[in-house]
Amino acid sequence: MAASGAILEGLRGYRGFPGGFKAYRKAFPTVELSWWHRVGDLRTISRLRALAPEGFRFSVMGHKHLAFRPTGEERRTLRRFLRRFRRFGDKAGAVRLMVPEVEPEAFARWLDLLSGVLEEVGPVPLAFQAPRPLHPLIRARGHALVNEGGGPFLYLVDPEEVPEGEGYLYRSHPSQEGPSALHS
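Quick look at the structure, then.

**Details of the overall build of the chain**
Then, number 1: If you tally the helices and strands in the chain, you get five helices and eight strands.
Then, number 2: Overall, the chain shows an N-to-C arrangement of helices and strands of β-α-β-α-β-α-β-α-β-α-β-β-β.
Then, number 3: In terms of overall size, the chain behaves like a compact globule, its C-alpha atoms giving a radius of gyration of 16 Å where 184 residues would be expected to give roughly 16 Å.
Then, number 4: Counting over 184 residues, the chain shows a buried share of 46%.
Then, number 5: Within the chain, residue pairs in contact and separated by at least 24 positions form 68% of the contacts whose partners lie at least 6 positions apart.
Then, number 6: A total of about 9500 Å² of accessible surface is found on the chain, and carbon and sulfur atoms cover 49% of it.
Then, number 7: Charge separation in the chain, taken as the distance between the mean sites of 27 positive and 20 negative side-chain charges, equals 10 Å.

**Concerning the pattern of salt bridges**
Then, number 1: Tallying each qualifying case throughout the model produces ten salt bridges.
Then, number 2: One salt bridge connects glutamate 73 with arginine 76, and the closest N-O pair in it is separated by 3.0 Å. In this pair, glutamate 73 and arginine 76 both sit in helix 3 (residues 72-86), three residues apart, roughly one turn of the helix.
Then, number 3: The class for arginine 76 is partly exposed, based on a relative accessible area of 45%.
Then, number 4: Its salt-bridge partner being arginine 139, residue glutamate 148 comes within 2.5 Å of it at the nearest N-O pair.

**Here's the deal with the environment of glutamate 73**
Then, number 1: Using a relative accessible area of 49% as the deciding quantity, one classes glutamate 73 as partly exposed.
Then, number 2: For glutamate 73 and serine 34, which are 39 residues apart along the polypeptide, the C-alpha to C-alpha distance reads 22 Å.

**Remarks on the pairing of strand 7 (residues 154-157)**
Then, number 1: Neither face of strand 7 is exposed, since Leu154 and Leu156 on one face and Tyr155 and Val157 on the opposite face are all buried.
Then, number 2: Strand direction decides the pairing type here: strand 7 and strand 8 (residues 167-171), joined by four bridges, are parallel. Directly across from tyrosine 155, in strand 8, lies its bridge partner tyrosine 168.

**Remarks on the packing of aromatic side chains**
Then, number 1: Within this structure, the stated rule accounts for 23 aromatic pairs.
Then, number 2: On the basis of an interplanar angle of 80° and a centroid distance of 5.8 Å, the ring pair of tryptophan 35 and phenylalanine 81 is categorised as edge-to-face. Of this pair, tryptophan 35 sits in the loop between strand 2 (30-34) and helix 2 (42-51) while phenylalanine 81 sits in helix 3, and the two are 46 residues apart along the sequence. For the pair tryptophan 35 and phenylalanine 81, a shared accessibility class is recorded, and that class is buried.
Then, number 3: Ring geometry for tryptophan 110 versus phenylalanine 128: centroids 6.3 Å apart, planes at 90°, classification edge-to-face. Here the residue tryptophan 110 occupies a position in helix 4 (residues 104-121), and phenylalanine 128 occupies one in strand 5 (residues 126-129), the gap between them amounting to 18 residues. For the pair tryptophan 110 and phenylalanine 128, a shared accessibility class is recorded, and that class is buried.
Then, number 4: Put simply, the rings of Tyr14, Phe17, Phe21, Tyr24, Phe28, Trp35, Phe56, Phe58, Phe81, Phe85 and Phe88 pair up and form one aromatic cluster.

**Overview of the nonpolar core**
Then, number 1: Counting 45 residues, the largest nonpolar core has Leu82, Phe107, Trp110 and Phe128 as its most contacted members.
Then, number 2: Broken down by secondary-structure element, the contributors of at least two residues to this core are helix 1 (20-27), strand 2, helix 2, strand 3 (57-61), helix 3, strand 4 (92-98), helix 4 and strand 5.
Then, number 3: In terms of residue count, the dominant contributor to this core is helix 4 (nine residues).
Then, number 4: With residues up to four places along the chain from it excluded, the contact list for tryptophan 110 reads Phe68, Arg69, Pro70, Glu74, Leu78, Leu97 and Phe128.
Then, number 5: Residues Ala144, Phe153, Tyr155 and Val157 belong to the second largest nonpolar core, which totals ten residues.

**Comments concerning the environment of serine 46**
Then, number 1: Note that serine 46 resides in helix 2.
Then, number 2: Residue serine 46 is classed as partly exposed on the basis of its relative accessible area, which comes to 46%.
Then, number 3: As for serine 46 and glutamate 164, which are separated by 118 residues in sequence, their C-alpha atoms are 33 Å apart.

What counts and what doesn't
- Residues numbered from 1 in each chain as written.
- Predicted model: local features only at pLDDT ≥ 70, side-chain atom pairs only at ≥ 80, totals over all residues.
- Heavy atoms only, no water.
- Helix = DSSP H or I, 4+ residues; strand = E, 2+ residues; numbered from the N terminus.
- Rg over C-alpha atoms; globule rule 2.2 N^0.38 Å.
- Buried < 20%, exposed > 50% of the residue type's maximum accessible area, 1.4 Å probe, protein only.
- Contact = heavy atoms within 4.5 Å.
- Areas by Shrake-Rupley, 256 points an atom, 1.4 Å probe, with all protein chains shown as cover.
- Lys, Arg positive; Asp, Glu negative; His and termini not counted.
- Charge placed at Lys NZ, Arg CZ, Asp CG, Glu CD.
- Salt bridge = Lys/Arg side-chain N within 4 Å of Asp/Glu carboxyl O.
- Pairing = 2+ DSSP bridges.
- Phe/Tyr/Trp six-rings, centres within 6.5 Å; stacked < 30°, edge-to-face > 60°.
- Core = buried A, V, L, I, M, F, W, Y, C linked by side-chain atoms within 4.5 Å.

All quantities given are derived from atomic positions and should not be read as evidence of function.
This is the structure we're talking about:
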């Protein structure tokens, strides 16, 4: 989790950042990696983790292969995804899951599946970007909602305003000026 009472600010990806990750890690304390198309490979995770300074946090956004239906294949995909994320160890931030339109009853069963997977792989801070009808189910399970307070932590993506709290803030467009005053 972010440092107590702090919001760590970074970018949604470091590709295209002048100087690559070696320069990025000096400018920001966190990054959101896209695992939308595929889960990060072990060598890349190990390399990034080794290059990141103490206190740096990696968050991930994904994963298009999740159907948010409680099936055996879904369990395997989710378990692999979360186990791979946990390879960041003490540099793991949070996972942002983008949920499509799903029937609330089916999603409630999927959340049951998720609970079982989390018991197996260990705790992972999750933030859901989901349609409004699913918000009560997500809140009831104690998970965070993207761009909304009142959860276990804040996970903000391109927010118009930055609320007080602890968590992560990711912006889409890199600024040539470097980090903002939020974390300097």
